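Structural overview for review
So the chains spell out like this:
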Amino acid sequence: MRLTNKLYAQHIGWHFKKHWQVQGRRVPRETGAAAELLKMGIQVKTPDELLNDKKEFRLVDIVETVPKPIVEDETHPNWHTTACHMFKDNNVLLGGLPQAQVLTNTIEINSFPQQIEDAISNGQYSKVVDRNVQNAIFSSHLLDAQQVKLPKVKLIDRPAYNLPRLYGISHERRNRLIINKLLFEIEKLAGRSVTVRRKLMDNVTFQTLISKDNDLLSFILSGDKLISSSRALDAVKGKFNGELPDLYPMKCVVSIPKRHIYTENNFYPIRSEISCSHPHTIVSFFDKTIVGNIHGSDVSKTQFYGRSMLKAFVAAAARAKQINGVTFCSDLQKPIVIQCVHTDGREFHFGVFQLNTLNLDSNNTTKNYWFHRGSIEMFNDCSYKTGRPYIDGYNSEPFRILNAFYNSS
Amino acid sequence: MLTLRRGEQLRARLNAACRRYLSVKAEPKAVTVADAEYTAEPEYPVIRDLSYKSRKLQTAAEWHEQIRQLPTVEEKMIKVNMPRYYGYKVVDLNDTKIPYNALPLTQHYTRTVLEELPTPQAKTEDKKDDLDATVKMARDDIIEALEYAHDVYKHQLQLMATPPDAVKREQQLTQIIVELVNRSALQVLSADYGHLNEVEIDYNPRHEAFWAVGGVDPPKNVVKSKEGRPWQKDDAHDSCDRLVQYTGQPYLALRHRHQLPTWKSPEESENLTLAQQLPRFKIDARTLGYSTKYQHAVNVPGYWPSANAPNFGMLSFQSRAHLQLRPKSCGERDDLEALHALAIQSSYAWLLAQANYHGFNTYNELTYPWNTQTVITNGREWSFYEYQLNTLLVHGAYVDTNPRVNFCRGTAPQPLYAEISTEGKCVDFNDNTLRQLLELYIRAPSIRRTADELLPYMGGPALRRAADYENAEQREFLEHTFKHLASKRPRHLELPEVYMWEKIYKIDNKTRALEARRRFFERDINPWRRTLDQHDKVYVPKAERPGGRKNREGRFKKTYYP
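Here is what the cut-offs are and how they apply
Residues numbered from 1 in each chain as written. Chains lettered and ligands numbered in written order. Predicted model: local features only at pLDDT ≥ 70, side-chain atom pairs only at ≥ 80, totals over all residues. Heavy atoms only, no water. UniProt positions renumbered as here; feature names shortened; annotations may be inferred. Helix = DSSP H or I, 4+ residues; strand = E, 2+ residues; numbered from the N terminus. Rg over C-alpha atoms; globule rule 2.2 N^0.38 Å. Buried < 20%, exposed > 50% of the residue type's maximum accessible area, 1.4 Å probe, protein only. Contact = heavy atoms within 4.5 Å. Areas by Shrake-Rupley, 256 points an atom, 1.4 Å probe, with all protein chains shown as cover. Lys, Arg positive; Asp, Glu negative; His and termini not counted. Charge placed at Lys NZ, Arg CZ, Asp CG, Glu CD. Axes fitted to C-alpha atoms, helices over the stretch in contact; angles between N-to-C directions. Parallel < 35°, antiparallel > 145°, perpendicular 65-115°, else oblique. Left-handed = near helix turned anticlockwise from the far one by under 90°. Nonpolar A, V, L, I, M, F, W, Y, C, P; charged D, E, K, R; others polar. Expected span 1.5 Å × (residues − 1). Phe/Tyr/Trp six-rings, centres within 6.5 Å; stacked < 30°, edge-to-face > 60°. Lys NZ or Arg CZ within 6 Å of the ring centre and 35° of its normal. Core = buried A, V, L, I, M, F, W, Y, C linked by side-chain atoms within 4.5 Å. Pairing = 2+ DSSP bridges. Buried area = accessible area lost by both parts, 1.4 Å probe. Salt bridge = Lys/Arg side-chain N within 4 Å of Asp/Glu carboxyl O. Patch = residues over 30% accessible without salt bridge, like charges linked within 9 Å, V, L, I, M, F, W, Y side chains within 5 Å. Polar contact = N/O pair within 3.5 Å; in protein donor to acceptor, adjacent residues only side chain to side chain.

An unreviewed UniProt entry annotates chain B as 28S ribosomal protein S30, mitochondrial originating from Drosophila arizonae. As recorded by UniProt, the Subcellular location (unreviewed entry) comment attached to chain B reads in full: "Mitochondrion".

As recorded by an unreviewed UniProt entry, chain A carries the name Large ribosomal subunit protein mL37 and is attributed to Drosophila arizonae. What UniProt states about chain A under its Sequence similarities (unreviewed entry) heading is, verbatim, "Belongs to the mitochondrion-specific ribosomal protein mL37 family." According to its UniProt record, chain A has this under Subcellular location (unreviewed entry): "Mitochondrion".

**Considering the overall build of chain B**
Within chain B, the secondary structure is distributed over 15 helices and 15 strands. A globule of 562 residues ought to have a C-alpha radius of gyration of about 24 Å, yet chain B, at 31 Å, is considerably larger. Considering chain B as a whole, with its 562 residues, one finds that 49% of them fall into the buried category. Pairs at least 24 residues apart make up 80% of the contacts formed inside chain B by residues separated by at least 6 positions. By element, 53% of the accessible surface of chain B is carried by carbon and sulfur atoms, the whole surface being about 29800 Å². The distance from the centre of the 80 positive side-chain charges to the centre of the 74 negative ones in chain B is 12 Å.

**Some points on the packing of helix H7 (residues 127-141) of chain A against helix H8 (residues 171-190) of chain A**
Angle between the axes and distance between the axes are the two parameters that describe a pair of packed helices. All names here are of chain A. The contact between H7 and H8 brings their axes to 8 Å, and the two run at 160°. The orientation of H7 with respect to H8, classified from their angle, is roughly antiparallel. Viewed along their axes, H7 and H8 form a crossing whose handedness is right-handed. For the pair formed by H7 and H8, the contact residues are Val-129, Asn-132, Val-133, Ala-136, Ile-137, Ser-139, Ser-140 and His-141 on the first element and Arg-174, Leu-177, Ile-178, Lys-181, Leu-182, Glu-185, Lys-188 and Leu-189 on the second. Of the residues contributing to the contact of H7 with H8, the split by class is 8 nonpolar, 4 polar and 4 charged.

**Describing H8(A)**
Residues and elements named next belong to chain A. Under the 1.5 Å per step criterion, the end-to-end length of H8 is 28 Å for 20 residues, consistent within 8% with the ideal 28 Å. H8 sits mainly inside the fold: 15 of its 20 residues count as buried. Two residues or fewer after H8 comes Gly-191, characterised by a positive phi angle close to 85°.

**Some details on the packing of aromatic side chains**
Taken as a whole and judged by the stated rule, the model has 33 aromatic pairs over all chains. Arranged with centres 6.1 Å apart and planes meeting at 75°, the rings of Phe219(A) and Phe313(A) form a pair that is edge-to-face. Residue Phe219(A) is located in strand S6 (residues 215-229), and its partner Phe313(A) is located in helix H10 (residues 301-324); the two are separated by 94 residues in the primary sequence. Of the two residues, Phe219(A) and Phe313(A), both sit in the buried class. Here Trp211(B) and Tyr348(B) contribute two aromatic rings whose centre-to-centre distance is 4.8 Å and whose plane-to-plane angle is 65°, an arrangement assigned as edge-to-face. With Trp211(B) in strand S4 (residues 207-216) and Tyr348(B) in helix H10 (residues 333-356), this pair connects stretches of sequence that are 137 residues apart. The pair formed by Trp211(B) and Tyr348(B) is uniform in burial state, with each residue classed as buried. Through a chain of ring-to-ring contacts, three or more aromatic side chains come together here, namely Phe87(A), Phe219(A), Phe313(A), Phe353(A) and Trp370(A). Taking the ring centre of Tyr406(A) as reference, the NZ or CZ of Arg198(A) above it sits at 5.5 Å.

**Some thoughts on unusual backbone geometry**
Here Tyr248(A) and Pro249(A) are connected by a cis peptide whose omega angle stands at 10°. For Pro249(A), the position within the fold is in the loop between S6 and strand S7 (258-261). In this structure, Asn203(A) is a non-glycine residue whose phi angle is positive, near 50°. The backbone of Arg111(B) sits at a positive phi, close to 55°, despite the residue not being glycine. Its place among the elements puts Arg111(B) in the loop between helix H4 (103-110) and strand S2 (112-116). Owing to a relative accessible area of 2%, Arg111(B) belongs among the buried residues under this scheme.

**Focus: the nonpolar core**
Ranked by size, the top nonpolar core spans 108 residues in total, and within it Phe350(A), Trp211(B), Tyr290(B) and Trp370(B) carry the most contacts. Counting residues per element, this core draws most heavily on H10(B), which supplies 11 residues. Apart from the residues lying within four places of it in its own chain, the contact partners of Tyr290(B) are Val91(B), Asp92(B), Leu93(B), Lys97(B), Ile98(B), Pro99(B), Ala102(B), Leu105(B), Ala285(B) and Gln345(B).

**Details of H10(A)**
Residues and elements named next belong to chain A. Taking 1.5 Å per residue, 24 residues should reach 34 Å; H10 reaches 34 Å between its end C-alpha atoms and fits that length. Extensive coverage of H10 is indicated by the burial of 19 of its 24 residues. Directly beyond the C-terminal end of H10, a positive phi value near 105° is found at Gly-325.

**Section: the pairing of strand S13 (residues 381-385) of chain A**
Residues and elements named next belong to chain A. In this structure, S13 lies alongside strand S14 (residues 388-392), joined through 5 bridges in antiparallel fashion. Its bridge partner being in S14, Tyr-384 is matched across the sheet by Pro-389. Hairpin remark: S13 followed by S14, antiparallel, with 2 residues in the connecting loop; positive phi at Thr-386, about 40°.

**So, the interface of chain B and chain A**
Between chain B and chain A, the contact holds 48 residues from the first and 45 residues from the second. Taken together, the two surfaces of chain B and chain A that pack against each other cover about 4000 Å², and 49% of this comes from carbon and sulfur. It is Tyr148(B), Arg183(B) and Tyr203(B) in chain B that bury the most area against chain A; as a group they hold 18% of the surface buried on that side. Linking chain B to chain A there are 6 salt bridges. The shortest N-O distance in the salt bridge between Glu187(A) and Arg183(B) comes to 2.8 Å.

**What to know about the sheet that holds S4(B)**
Strand pairing within a sheet occurs via backbone hydrogen bonds; the two strands may be parallel or antiparallel. Residues and elements named next belong to chain B. Sheet architecture is open: 5 strands sit in the order S7-S1-S5-S4-S8, paired in mixed fashion. Each having just a single partner strand, strand S7 (291-295) and strand S8 (300-301) make up the two edges of the open sheet. When S4 meets strand S5 (residues 240-248), the two strands line up antiparallel, connected through 8 bridges. Residue pairing in the sheet places Trp-211 in a bridge with Val-244 of S5.

**Quick notes on a positive patch on the surface**
On the surface, a cluster of positive charge is made up of Lys542(B), Arg549(B), Lys550(B) and Arg552(B). Looking at the element boundaries, Lys550(B) is found in the segment after helix H15 (500-508).

**Re the environment of Glu116(B)**
Residues and elements named next belong to chain B. Residue placement: Glu-116 occurs in strand S2. Residues Glu-116 and Gly-228, 112 residues apart in the sequence, show an inter-C-alpha distance of 47 Å. Apart from residues no more than four positions distant in its own chain, Glu-116 is found in contact with Arg-333, Leu-336, His-340 and Gly-410. A distance of 3.0 Å separates polar atoms of two side chains, one belonging to Glu-116 and the other to Arg-333.

**Examining the packing of H4(B) against H10(B)**
All names here are of chain B. One can describe the packing of H4 onto H10 by two numbers: an axis separation of 9 Å at closest approach and a directional angle of 20°. Our classification of the angle between H4 and H10 gives roughly parallel. Where H4 crosses over H10, the two elements pack in a sense that is left-handed. From H4, Leu-103, Thr-106, Gln-107 and Thr-110 reach across to H10, where they touch Glu-337, His-340, Ala-341, Ile-344, Gln-345 and Tyr-348. Taken together, the residues of the contact of H4 with H10 break down into 4 nonpolar, 5 polar and 1 charged.

Okay, here's the thing in structure tokens:
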């Protein structure tokens, strides 16, 4: 069936409209009259100029329900002339751990402090605990009944292929549940004497501003869970020496975007007057759909490690500045130690950061310490296989380390 | 000539056939009658009422029986959904909106007797018991947790350029408080009360329940349609069932492997006079402000069916943040009634969903009672409820005839503290409220039943969930279909719709007589009658086909709809 016929039959007005559009596009033919008149010195004006006065339109300031976003230019209240490198949650350092080390003036030690190593190796768990941990994995990864639209899945060899969208447990919720359930298990083991000295808090933010070799760096990072303690963690015993890695030809602030709009305040989520305000452990989640390189490529392992270290560093720095004042930037009298757990629900990376100095200049001889081991997988695969829950390659090591971290003081 | 020959042929054939027939008739039969066919007393088949109404009731009862016979949780749920491809029209009950005067409706829809308990008074010195020591021990922990929560939340609000609205703020703060208070309570009590070591904590779980309610006046279109049919004319004003779907998300829920003890005996629970005294909300729920929507029946108590999950709810913490939005002009008791309604709805729905994982549903009655405890809180005000679920039958005539009733008892909200002072200190902490809260934790789930007693309508010890089937394809199909129904994912093609111009030019005035009749209403197709299994089957590519590429039988994936 021809569409035009049908339209004509039903809607003659449409044809008039089309006719009008076609006619409206006609260009007047050049007759040469204007040129002749100009030659005679007569000014030629278009009818538009005579009939329609020129009006100047001014913008009217309308009060809307949603406040207008503030323009991001020099008029912005937080505009600074010196640009600052802003590092936020969705970014990673291009150079990974080595870059993080140079940035924060930290040396890497490839093991945990002795006391934690001992606690890990001494930890003895009954079979009941092991089963509870496996149940925790099941109930957070498979059995929770949340069903939200999950992010798009792309096949690498067929990027244009649209797979059906899956509904299931969101990444954030999955991580929150597994951490909560593991901590619940650990607190049952630890008993009341330890747990009264700890407090848990979800979704906290750390913010700090630091200068390094004439570069300004602003960090706004979140911790998905903060375990605070009534006593600060003791400094790690022993002296550690090491060299900072050489990043040449890269500079240590590469891949951290520059901004002129930033605030100079320092934020630690708990006021220092509260008894249980000392940072003990921060748990942060890694969601690859949110976190990525600024050029869009996937996050590598060393970048993952770098992110854990920066999180620990920023939490420690925010705490140090809260205690010693916002402008403080020298060696600390009493080092701040903070433990960090970084996980995507399956892979766990543990580290202990000791902040010895906030003076990050490269000529400073005092270095911060970062104790860590490579990341460990809690399991290879946890999913429904032909209609049955299935776990493959369960490893209790992350739970043991987390337990040791929780109990360390 | 030709025609004559044809006629002769036909006649000959007829003659042969007749002869054959006669010969068969004439043969003597071997008369052997089994004695079993005769009995001394004549046994007549049951005389069935063949009226339209009773035939309808009969088919419904058969359907309920079919659901009961199914062996697994997943299949029962799919079976309930089978009649509607696009989902049922359900009244949308949820925990974010309790309209004014919702209590009678709630009591009718859940068949619940509400008992308001007086606020317990502080115990005098001479009546001290062992709980006092525990309260004293927990007191400092809880106060510290409250102060900590308020302080940290207040501190974090400074960071935000635009703070969230009041309801959101209350939800966020209460979530922190409830988690901290729960943690402290468990720490203090778990040494003395062993059952607390076995609880499973659900954080913001998904609670959903579906049920059918009878005794509601029919809508106008149903009355009109019935009045148009002579055989239904007399029943036009009979009440009809409404389907209800509750959706909620408590702050926290605790589950245990065993059931809580009951607090009403079976004799007290079966009381027809009490049942008939329950309020009856005959008019449509939309008159109150509830809305309706189309969705599949979903029953979820926060987790998927699994082999060894703690299946019995012990305690849930519900939000009352939406109470802030209620106008003060509704009267003094309005807030209290809204809290009662929320407590009843959430407890009933959670228990129904749990019972559903044990083979019961709105059409198949419980065989033993279920209990749970509910707390509604905003951090400061706490109300405590206990609920006993005795019956699930509220549909059809059961709303009049079912002697069993459910019970809910609870108190008015009580403050846990008067306020948090500007210095961040907790003022006027109320030990009495804390005591009641701890009592909920202390009540040990002690009722243990054998598996046969627990799961009377399931397929026996070897077959309770879809995962128990031997056939892998069937397992996968059931699991996938069950979750697909629960996901509320929109259908790929939207529900067919009569456009306005079609109503005018095609239905009301037949102005387009020459046009081909392709639309569903021109071909007498009722899209609402489409059942769940009326869809194209999934094609299996040749490369993956069992039995080789040429196997035509395996072209489409098998379906296992119950």
